[in-house]
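Each chain is listed here by its residues.
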Amino acid sequence: MTDTIDAFCQTPPLPTKPVTRRSRTTSSPAAPTASAPEASGAVVRVRPQGLGLLRGWETEVALPVVGTFATPGKGSLRSDAVLRAPEDGVPVLFVEVDNHTEPPVTVAKKVERYRRFFQRTVKDHRGCGVALWSTLWDDSGRGGYPPVALVFTKAVGPRAMENRMREVGRLAHPHWHGQWKNLSSGEEKKDGYRNYTGTIPLLATTLSLLAAKGPHGPVWWRYGHDSWQTLNHALDNPDDIRAYRARDGERRAAREAREAEWERQRQEQMAGLERQMQEKAAARMPDLVCEQCQGPLNGDPYSLDPREDWEEVSAYT
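Keep in mind it's a predicted model, so treat the numbers as computed, not measured.

Caption draft 1: Region of the structure containing the environment of L83. By the secondary structure assignment, L83 is in strand β2 (residues 77-85). Judged by relative accessible area, L83 falls into the buried class, the value being 0%. Spatially, the C-alpha atom of L83 lies 5.1 Å from that of L93, the residues being 10 residues apart in sequence. Residue contacts for L83: discarding those within four places in its chain leaves L51, L53, G56, W57, P91, V92 and L93.

What follows is the structure, given as structure tokens:
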């Protein structure tokens, strides 16, 4: 457990001061030894950025499925370690160290007991039901339960390590896999989102990766994701309701743009048809002319034309 916490914290090694040794034959200070940095010219390796502080760790934390934190009942579990690192955006992270001493089915059953603990509720001071775990630790706001990290520590071959990781994930599948919500209808392309409410963000890594690249490096495999990721990306849910709403907004904007373009084209067609009808009507209608002078009538055909003689007009009335 100490190596795992050190890999998370990436605590830099403390500098040591060479011990001055005095010879029995002289009282003069001894020369710097070859092991001193000044003499050897050794370069101290810069460690990656760590996650949280040492005081944010607790080990062997009781998580009561029944009973209390002080006296957990049968079926409860103890988390190997719990990290609080709100300064790094991780309010709480439960850590399980896997030394390959237990079969994958036992590890998967422990994930199940984590979920049972997260599902447990109690009454708060107002009589409302709240999650028991939230009375001690803060929520990340990402949805779902707090994350659980499996750190595989045994040095085995890549194939053996991958097989063990996959087997644990397969057996614990119901506890980390979100439920798919299909929101497409008719002939629309299949689309929806995955609901992670009531599931555990289950992460896996190895001690060697964690120590070499640090907890912020691409060392995390989130069950359900398809690649090694940084911690922030591994804790994210890229296929949840937020992603669906973004896609749905893009589709709605594209649909509104198409409808606006269709309306513009329709208006242009209507205006063109109206112009054609007016042109055809004007071509069919003959110009009105005066019966007496055969000149064009510019006004009302029943109005007096000043070019006509009043007496001749009176003869018709």
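Now that the structure is up, let's keep going.
Caption draft 2: Here's a closer look at helix α3 (residues 104-119). Over its 16 residues, α3 runs 23 Å from end to end, which matches the ideal 22 Å to within 8%, given 1.5 Å per residue. Every buried residue belonging to α3 is among P104, V107, A108, K110, V111, Y114, R115, F117 and F118, and all of these are buried. Burial along α3 is one-sided: seen end-on, the buried residues are contained in an arc of 165 degrees.

Caption draft 3: The packing of aromatic side chains, seen in detail. Throughout the structure, instances matching the rule amount to 13 aromatic pairs. Relative to W57, the ring of F8 lies with its centre 5.2 Å away and its plane at 65 degrees, an arrangement referred to as edge-to-face. Residue F8 is found in helix α1 (residues 2-9), and its partner W57 is found in strand β1 (residues 57-63); the two are separated by 49 residues along the sequence. A relative accessible area of 0% places F8 in the buried class. Geometry around Y196 places R222 over its ring, the cationic atom sitting 5.7 Å from the centre.

Caption draft 4: Representation of helix α4 (residues 158-171). Look at α4: 20 Å from first C-alpha to last across 14 residues, which is about the 20 Å you get at 1.5 Å a residue. Within the sequence span of α4, burial applies to M161, R164, M165, V168 and G169. Across the axial projection of α4, the buried residues extend over an arc of 130 degrees, all falling on one side. Residues of α4 that are exposed and point over 90 degrees away from its buried face: R159 and R170.

Caption draft 5: Representation of the packing of α3 against α4. Direction vectors running N to C along α3 and α4 enclose 45 degrees, while the axes themselves pass 8 Å from each other. The angle between α3 and α4 places the two elements in the oblique class. Between α3 and α4 lies a crossing whose hand is right-handed. Each of P104, V105, V107 and A108 in α3 lies in contact with α4, whose residues at this interface are R164, E167, V168 and L171. Class assignment of the residues belonging to the contact of α3 with α4 gives a composition of 6 nonpolar, no polar and 2 charged.

Caption draft 6: Expanded view of the pattern of salt bridges. A full pass over the atoms with the stated rule returns 11 salt bridges. Linking E58 and R84 is a salt bridge whose minimum nitrogen-to-oxygen distance equals 3.8 Å. One end of the pair, E58, is in strand β1; the other, R84, is in strand β2, with 26 residues separating them in the sequence. E58 gets classed as partly exposed once you look at its relative accessible area, which sits at 36%. Take R84: its relative accessible area is 34%, and that puts it in the partly exposed class. A salt bridge links R266 to E263; the shortest N-O distance between them is 2.8 Å. On the criterion of helical spacing, the pair formed by R266 and E263 is a turn pair, its members being 3 residues apart in helix α8 (residues 241-284). Judged by relative accessible area, which is 35%, E263 ranks as partly exposed. Via salt bridges that share partners, D80, E96 and K110 belong to a single interconnected network.

Procedures and definitions
Residues numbered from 1 in each chain as written. Predicted model: local features only at pLDDT ≥ 70, side-chain atom pairs only at ≥ 80, totals over all residues. Heavy atoms only, no water. Helix = DSSP H or I, 4+ residues; strand = E, 2+ residues; numbered from the N terminus. Buried < 20%, exposed > 50% of the residue type's maximum accessible area, 1.4 Å probe, protein only. Contact = heavy atoms within 4.5 Å. Expected span 1.5 Å × (residues − 1). Arc of directions from axis to C-beta. Phe/Tyr/Trp six-rings, centres within 6.5 Å; stacked < 30°, edge-to-face > 60°. Lys NZ or Arg CZ within 6 Å of the ring centre and 35° of its normal. Axes fitted to C-alpha atoms, helices over the stretch in contact; angles between N-to-C directions. Parallel < 35°, antiparallel > 145°, perpendicular 65-115°, else oblique. Left-handed = near helix turned anticlockwise from the far one by under 90°. Nonpolar A, V, L, I, M, F, W, Y, C, P; charged D, E, K, R; others polar. Salt bridge = Lys/Arg side-chain N within 4 Å of Asp/Glu carboxyl O.

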